[in-house]
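Residue strings, one per chain:
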Amino acid sequence: MTIAELIAKKDEALQEAAAAQTPEEVEQVRIKYLGRNGLLPAIVKGFKDVPKEDRPAFGKITNQWRQELEAALAGKKADGDTAATGPAFDPSLPGRWFVPGSKNPISRVMEETAAIFSRLGFSVADGPDIETKFNNFTALNTPAHHPSMDPTDTLWLTDELLLRTQTSPVQIRTMTANKPPVRIITPGRTYRRDTTDATHSANFHQIEGLYVDVKPVSLADLKSTLTYYAQEMMGPRCKAIRFRPHFFPFTEPSVEVDFQCHVCGGKGCRVCKNSGWIEVAGAGLVDPRVYRFVGYDPDQVWGFAFGMGVERIAMIKYGIPDIRWLYENDVRFLDQVK
Ligand code: PHE
């Protein structure tokens, strides 16, 4: 067969396909050309006898032939189906259900926290993920030799820039830009050089709080503020919080904050490892040295700060055993937390 003959055969096949009316006729055309003993398979089988220089053209034309014929027959078949079964749109069918998605627990904890603190007069402040060494460490009174600055803990971008290891630098930004009083919370992403496991992730979230006023503010104010938050966030079984002494470079005195276990109400259970308390935050009264770094007079202002892990709150609140579930966006998981 010459190339001209091949093209003629192809046109003939397409004309037959176009002329076919009934499903039977369509099927006949299909069998004649595409069936196991049809013309196209036979032509392909005869390829070895085609002169070498014609083979590329032969291959191309037969491929086009098969594609065009299949498309033509499929189009006919669809027409036939529509003709046989009526219009494609059936108004008597029930509508398609729209299934609303749900928020990731990380977003929910941040939004609920913002709502609770807004009732206490706190507004939301924001800061960038890429921070200066000054805001993330120096102005937070962190000495140059502090281990948290080590490249094994902090993701440095340059000698002066890093991925913030905490939301505390927003304290510095806020106080530098505003005169006291300030009353902010700042939810956001934070980064540490960690390997990921069930309770660690190199990228996680914190919520920072800062309250600075021109009248005395004490640990009692910190305690009452966080007690209100704990009750609102964790529910009625969490009635109290407690402070344990700790150290942070930017607060003095510093405390770690435990919430009474919201599952057992403090009696002791699996969730709180039988202690009745769950560690949730770091906090303290703002160190006078921090005030000096931001241009406040340490003798004229008083304040407290706290920082909480968002994933940690989400995990204890919703009973999530593995931090990685929070990042996988598996709808089976998100549906349960909804
Ligand atoms: N930034 C501290 C941390 O990441 C938490 C903290 C914030 C402590 C504010 C005291 C005051 O561990």
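Note: the structure precedes this text.
This structure is a prediction, so every number in the text was calculated from the model and none was measured.

Caption draft 1: Representation of the overall build of the protein. When you go through the protein residue by residue, the secondary structure sums to twelve helices and nine strands. Against the 2.2 N^0.38 benchmark of 20 Å for 338 residues, the protein shows a C-alpha radius of gyration of 35 Å, more extended than a compact globule. Along the first, second and third principal axes, the C-alpha atoms of the protein reach 100 × 55 × 40 Å. With 338 residues in all, the protein has 41% of them scored as buried.

Caption draft 2: How the structure looks around the pairing of strand β9 (residues 302-309). Of all the eight residues making up β9, six are buried; the element is thus mostly covered by neighbouring parts of the structure. Relative to β9, strand β5 (residues 203-213) runs antiparallel, the two being bridged by eight bridges. By the bridge assignment for β9, Glu 208 is matched with Gly 307. Bridging between strand β8 (residues 277-286) and β9 involves five bridges; their strand directions are antiparallel. Residue pairing in the sheet places Ala 281 in a bridge with Met 308 of β9.

Caption draft 3: Fine view of the packing of helix α5 (residues 105-118) against helix α10 (residues 310-318). One way to put it is that α5 packs onto α10 with a least axis distance of 9 Å and a crossing angle of 100 degrees. Considered as vectors, α5 and α10 are oriented roughly perpendicular to each other. Along the contact surface, α5 presents Pro 105, Ile 106, Arg 108, Val 109, Met 110 and Glu 112, while α10 presents Val 310, Glu 311, Ile 313, Ala 314, Lys 317 and Tyr 318. Of the residues belonging to the contact of α5 with α10, the class tally is eight nonpolar, no polar and four charged.

Caption draft 4: Representation of the sheet that holds strand β4 (residues 182-191). Taking strand neighbours across the sheet as the criterion, the seven strands line up as β1-β4-β5-β9-β8-β7-β6 in an open arrangement whose pairing is mixed. The open sheet has two edge strands with one neighbour each: β1 (123-124) and β6 (241-248). As judged from the seven bridges shared by β6 and strand β7 (residues 251-260), these two strands associate in the antiparallel manner. Paired with Arg 242 across the two strands is Asp 258, which belongs to β7.

Caption draft 5: Focus on the packing of α5 against helix α8 (residues 219-234). At their nearest, the axes of α5 and α8 sit 10 Å apart, and the two run at 130 degrees to each other. Between α5 and α8, the angle falls in the class oblique. α8 is crossed by α5, and the crossing has right-handed handedness. Residues Val 109, Glu 112, Thr 113, Ile 116 and Phe 117 of α5 form the contact with α8, whose own contacting residues are Thr 225, Leu 226, Tyr 228, Tyr 229, Glu 232 and Met 233. Here the contact of α5 with α8 is built from residues that sort into seven nonpolar, two polar and two charged.

Caption draft 6: Representation of the site of the ligand in the model. Lining the immediate environment of the ligand, one finds 14 residues, of which Gln 166, Ser 168, Arg 192, Gln 206 and Glu 208 sit closest. Here Gln 166 contributes a side-chain N or O atom positioned 2.8 Å from a nitrogen atom of the ligand. When isolated, the ligand has an accessible area of 330 Å², and the protein chains bury 90% of it. For the shell around the ligand, the elements supplying multiple residues, two or more each, are β5, β8 and β9. Among the elements that line the shell around the ligand, the one with the most residues is β9, at three residues.

Rules of the game
- Residues numbered from 1 in each chain as written.
- Predicted model: local features only at pLDDT ≥ 70, side-chain atom pairs only at ≥ 80, totals over all residues.
- Heavy atoms only, no water.
- Helix = DSSP H or I, 4+ residues; strand = E, 2+ residues; numbered from the N terminus.
- Rg over C-alpha atoms; globule rule 2.2 N^0.38 Å.
- Buried < 20%, exposed > 50% of the residue type's maximum accessible area, 1.4 Å probe, protein only.
- Pairing = 2+ DSSP bridges.
- Axes fitted to C-alpha atoms, helices over the stretch in contact; angles between N-to-C directions.
- Parallel < 35°, antiparallel > 145°, perpendicular 65-115°, else oblique.
- Contact = heavy atoms within 4.5 Å.
- Nonpolar A, V, L, I, M, F, W, Y, C, P; charged D, E, K, R; others polar.
- Left-handed = near helix turned anticlockwise from the far one by under 90°.
- Near = heavy atom within 4 Å.
- Polar contact = N/O pair within 3.5 Å; in protein donor to acceptor, adjacent residues only side chain to side chain.
- Areas by Shrake-Rupley, 256 points an atom, 1.4 Å probe, with all protein chains shown as cover.

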